[in-house]
Amino acid sequence: MSEQNHKKVIIIGSGPAGLTAAIYSARANLSPIIFEGDQPGGQLTITNDVENYPGFEDGIAGPELMDVMRKQAVRFGAESKFEYVTKVDFSSTPHKVWVGDKQYTADTVIIATGASARYLGIPSEEKLKGFGVSACATCDGFFYKEKEVFVVGGGDSALEESGYLTKFASKVYLIHRRDEFRGSKIMRQRVFDNPKIEILWNTEIEEILGEPDQGGVTGAILKDTVSGETREQKIDGIFMAIGHTPNTAIFTDYLPTDDNGYLITKPDSTATDIDGVFAAGDVRDHVYRQAVTAAGNGCMAAIEAERYITENIE
Ligand code: NAP
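Conventions adopted
- Residues numbered from 1 in each chain as written.
- Predicted model: local features only at pLDDT ≥ 70, side-chain atom pairs only at ≥ 80, totals over all residues.
- Heavy atoms only, no water.
- Salt bridge = Lys/Arg side-chain N within 4 Å of Asp/Glu carboxyl O.
- Helix = DSSP H or I, 4+ residues; strand = E, 2+ residues; numbered from the N terminus.
- Buried < 20%, exposed > 50% of the residue type's maximum accessible area, 1.4 Å probe, protein only.
- Disulfide = S-S within 2.5 Å.
- Phe/Tyr/Trp six-rings, centres within 6.5 Å; stacked < 30°, edge-to-face > 60°.

Novice: In this structure, what is going on with the pattern of salt bridges? I would like to understand it.
Specialist: Oppositely charged side chains may form a pair once their charged atoms are brought near each other. Enumeration according to the criterion identifies 9 salt bridges in this entry. Of the charged contacts, one joins Arg70 and Glu36 as a salt bridge, the two residues approaching to 2.6 Å between their closest N and O atoms. Of this pair, Arg70 sits in helix H2 (residues 62-75) while Glu36 is found in the loop between strand E2 (33-35) and strand E3 (49-50), placing the two residues 34 residues apart along the sequence. Assigned by exposure class, Arg70 and Glu36 land together as buried. For the salt bridge of Arg70 with Asp67, the shortest nitrogen-to-oxygen distance reads 3.2 Å. In this pair, Arg70 and Asp67 both sit in helix H2, 3 residues apart, roughly one turn of the helix. When salt bridges that share partners are traced, they join Glu36, Asp67, Arg70 and Lys71 into one network.

Novice: What's the story with the state of the cysteines in this structure? I'm lost.
Specialist: Two cysteines, two sulfur atoms, one covalent bond between them: this is a disulfide. Here the structure, examined in full by the defined rule, presents 1 disulfide. Note on cysteine connectivity: Cys136 is disulfide-linked to Cys139, with sulfurs 2.0 Å apart. Looking down the S-S bond of the Cys136 and Cys139 bridge, the torsion is 75 degrees, so its handedness is right-handed. For Cys139, a relative accessible area of 21% puts it in the partly exposed group.

Novice: Which parts of the structure should I look at to understand unusual backbone geometry?
Specialist: For residues that are not glycine, phi is negative in most cases, and the peptide bond is trans in most cases. Between Thr93 and Pro94 the backbone carries a cis peptide bond, its omega angle lying at -5 degrees. Counting through the fold element by element, Pro94 comes out in the loop between strand E6 (87-89) and strand E7 (95-99). Look at Ser31: it is not a glycine, yet its phi comes out positive at around 45 degrees. Even without being a glycine, Glu146 presents a positive backbone phi close to 60 degrees. Examined against the element boundaries, Glu146 turns out to sit in the loop between helix H4 (137-140) and strand E11 (148-152).

Novice: Explain the packing of aromatic side chains here, please?
Specialist: Think of a pair of aromatic rings as described by two things: how far the centres are apart, and how the planes are tilted against each other in angle. Applying the stated criterion across every chain yields a total of 12 aromatic pairs. Between Phe181 and Trp201 the ring centres are 4.6 Å apart and the planes differ by 40 degrees, which places this aromatic pair in the tilted class. Residue Phe181 is located in the loop between strand E12 (171-175) and helix H6 (185-193), and its partner Trp201 is located in the loop between strand E13 (197-200) and strand E14 (203-211); the two are separated by 20 residues in the primary sequence. The exposure class assigned to Trp201 is partly exposed, which follows from its relative accessible area of 30%. Joined through ring pairs, the aromatic side chains of Phe142, Phe143, Tyr164 and Phe168 make up one cluster.

So, in structure tokens, the structure goes:
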């Protein structure tokens, strides 16, 4: 293994967790390499304005925030690679990471591959992402003051986000494909008790209507999952809350996950079961899922990686 391909810190993933880990480990003189993956900047790059990231009084566009974070990391010596890690081997030290045929070794690996919101998978949805189709009520709810929105899903996320969106929207239609919710009893009751939420049981979205350059989402074609009948309804925005999938596929041979597929870390730490391997951000957090919590987590991972190197390698 050439010197060049051995790193003290390899960071996999480039959302707020990965880039913050890069800033901290670069400032600690660890010359990290960050593999940005197939969505450089992560989930924030599909959000419009980020208004709740501290330090930006007037908000900042998601892609711009991630760009600034990347530049900050590079300024301190992080190496950013727009490449996708295809394989890892954590069975012995140094840990091994592959990008296609190219192999790297590392004293520490910080996994920050995030989670991807699930979408319905229809073409009109893809076209209107960021133009009225969102998977983040906390990010985008504010833009729907006195407007009508759909929330799709029947789990705790959909129930919680429906309630949250009633703070802004004049009406929330909760669309669920079955006739009972998967979400918890207390959350169900909150939805039933909220006069601004109307539940559309046994309903699916068949098509989303609107054009990105003409104001975005204008409505949807809804299908009754029992009768098969379809109808059109006008709507201003659609929030998908049908779950997230943590991006862990290449790690699960080595690292345990919880029942929802998220990587498990030690309490109050980003350390995994494997020495020198840390996990930060949404890949291990299905509770908060915020840019600022992911960034905080990335900072923790970098500090823990630095301590690990000082105590075990140098
Ligand atoms: P989830 O529990 O997996 O629920 C996903 C929901 O989306 C289900 O109701 C499912 O319908 C529906 N769905 C999935 N694919 C669909 C599709 N293609 N079309 C239409 N509907 C679809 O996911 P989640 O709500 O994000 O929750 C994930 C975990 O986080 C859960 O353990 C949850 O308890 C937890 N969580 C907790 C809180 C809280 O306690 N405050 C808040 C949020 C999340 P079916 O029911 O028909 O399968």
